[in-house]
Amino acid sequence: MTDSSVSDEGVGGATLLDELRVALLRYVILPSPEAADAVTLWIAATHAALSWEHATRLFIGSPQKRCGKSRLLDVIEATSHKPLITVNISPAALVRSIGEDPPTLMLDEADTVFGPKAADNNEDLRGIVNAGHQRNRPYIRWDAATRKPEHCSTFAMVALAGIGNMPDTIMDRSVVIRMRRRGPGESVRPYRTRRDAPLLAALRDRLHLWMRDNLDVLEKAEPEMPVEDRAADTWEPLIATADLAGGEWPSRARAAAVAFVGRDQAADATTMLSVRLLADLKVTFGSDRVLYTSTILERLLKIDDGPWADYFGRPFGPRDLAKLLELYEIKPKDVREGGGLNRKGYSADDLHDAWRRYLPSGDSATSATSATAHVSYVAEQDHVAAASATNETSATAPTSAVADVADVAHTPPVSGNTVADDCWTGRLGWRA
C-alpha cells in the first residue's frame with residue numbers, strides 16, 4: 001500500500017487529477033469550472049468502482065446537437081476504467097457485460113433509448129441503470145439450462161449522453177453536465193484517436209495505478225459531505241477521490257457539489273411550479289376552450305393561494321407563462337376568445353394531454369398546492385445557494401476548468417443469500 005496521495009511512480013494524486021483536467025479541456029469546452037472538476041473526478045472514480053457503495057451516473061446533455069457531447073465521451077472513453085460504449089444494448093447483454101470488476105458503461109445518443117418516444121420500450125433497461133446506482137440490487141433471471149434463478153450484478157459507473165433530459169429517476173442519480181455550443185473565440189484541439197488516444201491511455205494507466213493502490217483507503221472513506229440524501233450518495237465517490245488527492249481538490253469538489261445540487265434543486269422548483277401552473281390552468285379554463293393570454297394571467301393573479309401575484313417579487317407575466325408551458329411543448333397561438341379578434345392565447349385542447357399526464361386524478365388545483373405553496377421561496381433560496389457556491393468556487397478554482405469525482409464505502413449485503421450461481425461476487429466476497 002502506498003501513501004494515500006502518492007502513486008507507485010511518486011506522482012501525487014492532485015497532480016494526476018490536474019493533468020486529467022488539462023487533458024479534458026484540451027478537447028472539450030465545459031460549461032463551468034465546477035463541471036470540469038466534476039467530470040475529472042468522475043473519470044478518476046471509475047478506476048475505484050470496487051470501493052464504492054454507490055456508482056455515480058454522469059449525464060452529458062444539451063438542448064441541441066453539435067454541443068460537444070460525443071467528443072467528451074471520446075475523452076472519457078480514453079481515460080476511464082474498462083470503457084464499454086454503445087448506442088443501444090439489451091438488458092440481458094448489459095448485465096452479462098458487468099463482472100467482478102465492473103466496466104464503465106457509456107451510452108451515447110441516450111435520448112433515442114430513454115426519450116419520450118422510446119422510453120416505454122426500454123423500461124427494463126432503465127430499471128437496470130437505476131438499480132445499478134447502488135450495490136446489491138441484482139438483476140434476477142431464470143436460467144433455463146440450470147433451472148435456477150441467476151443473480152446478475154447491475155452495479156457499474158454509467159455515463160450517458162443525449163439531447164434533452166433523461167427520465168427523472170436517472171437524473172436524480174446523476175451529475176448532470178449541460179453542454180453548449182462553442183462561442184466566438186472558444187476553440188479546442190481536434191480529437192484524433194490514432195494520435196491522441198495513446199497519450200490519454202498513458203495518463204489513464206497512471207491514474208488507474210494510483211486509485212487501485214488505494215482501494216482499501218477508499219473503501220473505508222467517510223468523507224464529510226456538503227449535501228444530503230440522494231445527492232450525498234451520488235457525490236460521495238467524487239468527494240472521496242478528491243480527499244484522497246489532496247491539495248485544492250477537496251475544497252473544489254465540495255464547492256462543485258453545492259453548486260450542482262443548488263442548480264438541480266432550482267430546476268426541481270421550476271418543475272413544481274409548472275405542475276402547479278397546469279393545475280391552476282385547468283381551473284382557469286373551466287369550460288372555456290380557448291383563452292387570450294391576458295385573460296389567463298388576469299385569472300391566475302386572482303387565485304388567492306397561488307404564487308402568481310408575487311412571482312419572484314413581481315406579477316406572473318406572458319413570458320413566464322410561455323416558459324413554463326414550453327416544458328410541456330405547449331406554445332401560444334392565435335385564438336378567438338368569445339368570437340372576438342385573433343390574439344395570442346392558448347387552447348384547452350393543447351393543454352389536455354399535459355393535464356392527463358401530469359396532474360393527479362383530483363382535478364382541482366388544490367391537489368398541487370400542498371407541494372408548491374412555498375415554491376417561490378424554495379426557488380429563490382436555491383438560486384441564492386447556487387450563486388453563492390459559484391462565487392465560492394470561482395474564488396478557489398484555478399483559471400481553467402477542473403473536474404471532480406468522489407468515492408463511497410461498501411456495505412455488505414444482507415446475509416443468508418443461498419443462490420449458488422450468482423453471476424459474480426465482489427472483490428471482498430460480497431454478492432452483488
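Quick caveat, the model's predicted, so the values are computed rather than measured.

Draft legend 1. The overall build of the protein chain, seen in detail. For the protein chain, the count of helices and strands is 16 helices and eleven strands. Out of the 432 residues belonging to the protein chain, those deemed buried represent 49%. Of the contacts made within the protein chain by residues no fewer than 6 positions apart, 76% connect residues no fewer than 24 positions apart. Split by element, the accessible area of the protein chain, about 20100 Å² in all, is 50% carbon and sulfur.

Draft legend 2. Just the sheet that holds strand β1 (residues 57-62), in detail. Pairing is parallel across the open sheet formed by five strands, whose spatial order is β2-β3-β6-β1-β7. With one partner strand each, in any of the chains shown, β2 (83-86) and β7 (174-178) form the two edges of the open sheet. Neighbour-to-neighbour, the strand axes of the sheet open up by a mean angle of 15 degrees, direction not taken into account. By the bridge criterion, six bridges tie β1 to strand β6 (residues 158-163) in an arrangement that is parallel. Paired with I60 across the two strands is A161, which belongs to β6.

Draft legend 3. Broad picture of the pattern of salt bridges. By the definition in use, this model includes 24 salt bridges. The salt bridge partner of R289 is D349, with a shortest N-O separation of 2.9 Å. Pair noted here: R289 is in the loop between α11 (249-285) and β8 (290-292) and D349 is in helix α14 (residues 348-358), with a separation of 60 residues, a long-range link. For R356, the salt bridge identified is with D353, shortest N-O distance 2.7 Å. Pair noted here: R356 and D353 are both in helix α14, with a separation of three residues, about one helical turn. Taken together, the salt bridges that share partners define one network made up of D37, E248 and R252.

Draft legend 4. Spotlight on the environment of G247. Looking at where G247 falls in the secondary structure, it is placed in the loop between α10 (229-245) and α11. Judged by relative accessible area, G247 falls into the exposed class, the value being 68%. Taking C-alpha positions, G247 is 8.8 Å from T15, a pair spaced 232 residues apart along the chain.

Draft legend 5. Spatial organisation of unusual backbone geometry. Unlike most non-glycine residues, R66 shows phi in positive territory, near 60 degrees. Residue position: R66 is located in the loop between β1 and α3 (69-79). Residue classification places R66 among the exposed residues on the basis of a relative accessible area of 64%.

Draft legend 6. Representation of the confidence of the model for the protein chain. When pLDDT is averaged along the protein chain, the result is 81; 78% of the residues meet or exceed 70. Of all the helices and strands in the protein chain, strand β11 (residues 405-406) carries the lowest mean pLDDT, 34, while helix α2 (residues 33-46) carries the highest, 97. Scored below 50 in pLDDT, residues 1-10 shows 25 contacts in the model against residues more than four places distant or in partner chains. In this model residues 362-432 is a low-confidence stretch, pLDDT under 50, and it forms 193 contacts with partners more than four residues away in sequence or in other chains.

Draft legend 7. Structural detail: the packing of aromatic side chains. Summed over all chains, the structure comprises eight aromatic pairs. Summarising the aromatic geometry, the rings of Y311 and F312 are spaced 5.0 Å apart at their centres and angled 75 degrees between planes, so their arrangement reads as edge-to-face. With a relative accessible area of 32%, F312 lands in the partly exposed category. Each ring, one from Y311 and one from F316, has its centre 4.9 Å from the other, and the planes form 80 degrees; the classification is edge-to-face. The pair formed by Y311 and F316 is uniform in burial state, with each residue classed as buried. Grouped by ring-pair contacts, the aromatic residues W308, Y311, F312 and F316 constitute a single cluster. When the ring centre of Y292 is taken as reference, the NZ or CZ atom of R343 above it lies at 4.3 Å.

Draft legend 8. A look at α10. Between its terminal C-alpha atoms α10 stretches 24 Å, which fits the 24 Å expected from 17 residues at 1.5 Å a residue. With 13 of 17 residues buried, α10 lies mostly within the body of the structure. Following α10 by one or two positions, G246 has its phi on the positive side, about 80 degrees.

Draft legend 9. Fine view of the nonpolar core. Core analysis: the biggest nonpolar cluster contains 65 residues, and W52, L72, I76, I177 and W235 have the highest contact counts within it. In contact with I177, not counting residues within four places along its chain, are L30, P31, A35, A38, V39, L58, F59, I60, G61 and F260. In this structure, L278, I296, I330 and L359 belong to the second largest nonpolar core, which totals 24 residues.

Draft legend 10. How the structure looks around the side chain of R252. By secondary structure assignment, the location of R252 is in helix α11. Engagement of the side chain of R252 in a polar contact is seen with the side chain of D37, the distance being 3.3 Å.

Draft legend 11. View of the pairing of strand β3 (residues 104-107). Where burial is concerned, the two faces of β3 agree: the one with T104 and M106 and the one with L105 and L107 are both buried. For β2 and β3, the ladder comprises four bridges, and the chain directions are parallel. Looking across to β3, one finds that P83 is bridged to T104. In terms of handedness, the path from β2 via helix α4 (residues 91-96) over to β3 forms a crossover that is right-handed. Relative to β6, β3 runs parallel, the two sharing three bridges. Paired with L105 across the two strands is V158, which belongs to β6.

About the cut-offs
- Sequence order sets the numbering: in each chain, residues are counted from 1 along the sequence as written.
- Local features in this predicted model are restricted to residues of pLDDT 70 or higher, and side-chain atom pairs are both shown and tallied only at a pLDDT of 80 or more, whereas totals for entire chains, interfaces and linings draw on every residue.
- To obtain the side-chain values, all non-hydrogen atoms of the structure were used and water was disregarded.
- Starting at the N terminus, helices and strands are each numbered in turn, a helix being any DSSP run of H or I of at least four residues and a strand any DSSP run of E of at least two.
- Classification of residues uses two cut-offs on accessible area relative to the type maximum, computed with a 1.4 Å probe and protein chains only: under 20% is buried, over 50% is exposed, and between them is partly exposed.
- In this description, contact between two residues means that some pair of their heavy atoms is separated by no more than 4.5 Å.
- Note on areas: these come from Shrake-Rupley sampling with a 1.4 Å probe, and a residue is covered only by the protein chains present in the view.
- One bridge is not enough; two strands pair if DSSP finds at least two bridges between them.
- To get an axis, a line is fitted to the C-alpha atoms, and for a helix only the part in contact is used. The angle between two axes follows their N-to-C directions and goes from 0 to 180 degrees.
- For salt bridges, the criterion is a side-chain nitrogen of Lys or Arg within 4 Å of an Asp or Glu carboxyl oxygen.
- Per-residue confidence from the predictor is reported as pLDDT, a score between 0 and 100.
- Here is the rule: rings of Phe, Tyr and Trp (six-membered ring for Trp) pair when centre to centre is within 6.5 Å. Planes less than 30 degrees apart are stacked, more than 60 are edge-to-face, and the remainder are tilted.
- As a reminder, the over-ring test applies to NZ of lysine and CZ of arginine, requiring each to be within 6 Å of the ring centre and within 35 degrees of the ring normal.
- The span expected for a helix works out to 1.5 Å for each residue beyond the first.
- To form a nonpolar core, buried Ala, Val, Leu, Ile, Met, Phe, Trp, Tyr and Cys residues must be joined to one another through side-chain atoms within 4.5 Å.
- Distance and chemistry together define a polar contact, namely a pair of N or O atoms within 3.5 Å, with one atom able to donate a hydrogen and the other to accept it when in protein, and with adjacent residues in sequence counting only for side-chain atoms on both sides.
- The handedness of a crossover follows from its direction of travel: if, with the strands pointing away from the viewer, the path from the first strand over the helix to the second runs clockwise, the crossover is right-handed.

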